[in-house]
Amino acid sequence: MDMLIIRGGIPLAGNVRLAGAKNASLPIMAASIAVSGLSQLRRVPHLADVSTLTQVLESLGAVVTRDLSTGELAISPPHATTGIADYDLVRRMRASVCVLGPLLARWGKAVVSLPGGCNIGHRPIDLHLKGLVALGARIRIERGYVHAEATRLHGAEIYLGGPFGSTVTGTANIMTAASLARGMTRISAAACEPEIVDLGNYLNAAGARITGHGTPVIEIEGVDELHGVEHEVIPDRIEAGTMMIAAAATCGDVFIEDAQPRHLSAVIDILRQIGVSIEPSSTNDGRMGLHISGAAHLNPADCTALPYPGVPTDLQAQLTALLCLVPGISVITDKVFPDRFMHVPELLRMGAQIRREGASAIIAGPAHLSGTNVMASDLRASAALVIAALAAEGESVIRRVYHLDRGYEKHDEKLRQLGAQIQRTTDHPEALPDSLRMTGESSMEQHKVQEIPGRFTQPIQNPLAKPHFLSDGYAIARPMVSQSDDSSGPVADL
Ligand code: EPU
């Protein structure tokens, strides 16, 4: 297992190019199982999740060839299939459930393991199943598997709204299945995410008749067959947002090539409110993107993660890390995954002052973050810890970075190109930097590095020293000290 060692305090500077979107690539790859010809995809990111879905498709009889250097991936659909997506693969990645609709529509049968628990909260698939039943599928759950059957699906009126909004992969499943159904399907309360638009464009290029993708009402006129197709995946807006926040947190100056302002309007808006400068720009050779320059003095914010076009839940953890550095009280609420706050206890270990309140985190800043040992719990939490470590004083070690590798292509390499001091090494006690070995002497003095301008002018606040009072009289509770599971030190658990 790898870990990252990051020396913080260095402003990021330079150009970075985005990979193709993970959350567009996965449903498109899954949909290829419903296509009768070859799917030739470009800009597919080199990620662990893409490798996992490749294995799922191969287990279903597809032949997948991939050129890691160019991001090209070709999928020949199976000639025959068991239709079984096994637990051992699905449990590694929930998005494997995206094969359910395509398998059913093309092959009349799907046996797909129900994804299990997840670190970011309760993630049922009831809306996927409701949509498929409306299309005429017979579904039963047996021994942890969804068994779905249908001779030929038929068009239907389907409402996909749930208690937390629509469902992204549910919309992908139903849209793909309905493409091969007999007659018209109308999905209302459909997810509007750009990744759904990309999937719709891929399916239309393969002969589907879909309109309205990108709006809450999608209409699909079923066709008898989908044919081979070439498609380039959209740039990853979550990688773009993560890089924008990293630039802001380090007071950096970064150009993000291919970042699409229209996919990022809520993110641009909240970052501008915080005081970050963001301008559309282009490189000398004409590549468009966004230019981010951080400011030394930032403003607190009240921010809510919502379905698209709102601030994405996939950037909530990274924004939380940024808001720790901002003077004043900030509030961040997640209305998509109300329990997605696994990053908070780790940020507390770095000196953040955060209190959980239901689906919100109340953040008192500016915290003087100091490097320490932290543990990644999921993909976006890992990205938040990287951002906090880049902005912290001294060295941090981030363990379980396989979470990061699931969804960010060469993240540490790209940050290194922007000037970050970040090193990947095998997780081993010998590899720990001296500053994080507790010898009884203060190790902070050993690592004075360039300081992010204006950021650490406040005296260091020790969250253990006294409670901090918010303007409405609430106190940021004192952290209790308990033991973390890797015995690497005390963990503050609010
Ligand atoms: N929900 C239901 N019933 C369902 C499906 C979802 O109640 O049948 C609830 C969920 O529990 C959640 C909300 O609806 O509260 C939204 O879930 P959604 O189904 O939209 O999430 P997803 O499709 O499983 C995708 C992304 C996630 C991203 C969410 C929200 C992919 C492969 N995954 O998940 O990405 O957080 O949409 O935007 O597209 C990530 O990349 O780190 C990641 C987790």
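The structure presented is a predicted model; accordingly, all values stated were derived computationally and were not measured. (Residues numbered from 1 in each chain as written. Predicted model: local features only at pLDDT ≥ 70, side-chain atom pairs only at ≥ 80, totals over all residues. Heavy atoms only, no water.)

Some words on the side chain of Ser39
- Residue placement: Ser39 occurs in strand β3 (residues 39-42).
- Since its relative accessible area comes to 0%, Ser39 is described here as buried.
- Not counting residues up to four positions away in its chain, the partners in contact with Ser39 are Ser32, Leu73, Ala74, Ile75, Tyr202 and Val229. (Helix = DSSP H or I, 4+ residues; strand = E, 2+ residues; numbered from the N terminus. Buried < 20%, exposed > 50% of the residue type's maximum accessible area, 1.4 Å probe, protein only. Contact = heavy atoms within 4.5 Å.)

Here's the deal with the nonpolar core
- In this structure, Met244, Ile256, Leu271, Ile274, Ile354 and Ile398 are the most contacted members of the largest nonpolar core, which totals 74 residues.
- Looking at this core element by element, the count peaks at ten residues for helix α12 (residues 379-391).
- Those residues within four positions of Met244 in sequence are excluded, and the remaining contacts are Ile256, Leu264, Val267, Ile268, Leu271, Ile278, Leu290 and Ile292.
- Counting residues in each nonpolar core, the second largest holds 73 residues, with Leu53, Ala85, Tyr202 and Ala208 among its members. (Core = buried A, V, L, I, M, F, W, Y, C linked by side-chain atoms within 4.5 Å.)

Some remarks on the pattern of salt bridges
- A complete count under the given rule lists 26 salt bridges for this structure.
- Close ionic contact of Arg287 with Asp258 constitutes a salt bridge, the shortest N to O distance being 3.3 Å. Here Arg287 is found in the loop between β16 (277-282) and β17 (288-293), whereas its partner Asp258 is found in the loop between β15 (253-257) and α9 (265-274), with 29 residues between them in sequence.
- Exposure remark for Asp258: the relative accessible area of 11% places this residue in the buried category. (Salt bridge = Lys/Arg side-chain N within 4 Å of Asp/Glu carboxyl O.)

Let's talk about the environment of Ile158
- The topology assignment puts Ile158 in strand β10 (residues 157-159).
- Between the alpha carbons of Ile158 and Val217 there is a distance of 9.8 Å; along the sequence they are 59 residues apart.
- Those residues in contact with Ile158 that lie beyond four places of it in its chain are Gly131, Ala134, Leu135, Ile174, Thr185, Arg186, Ile187 and Ser188.

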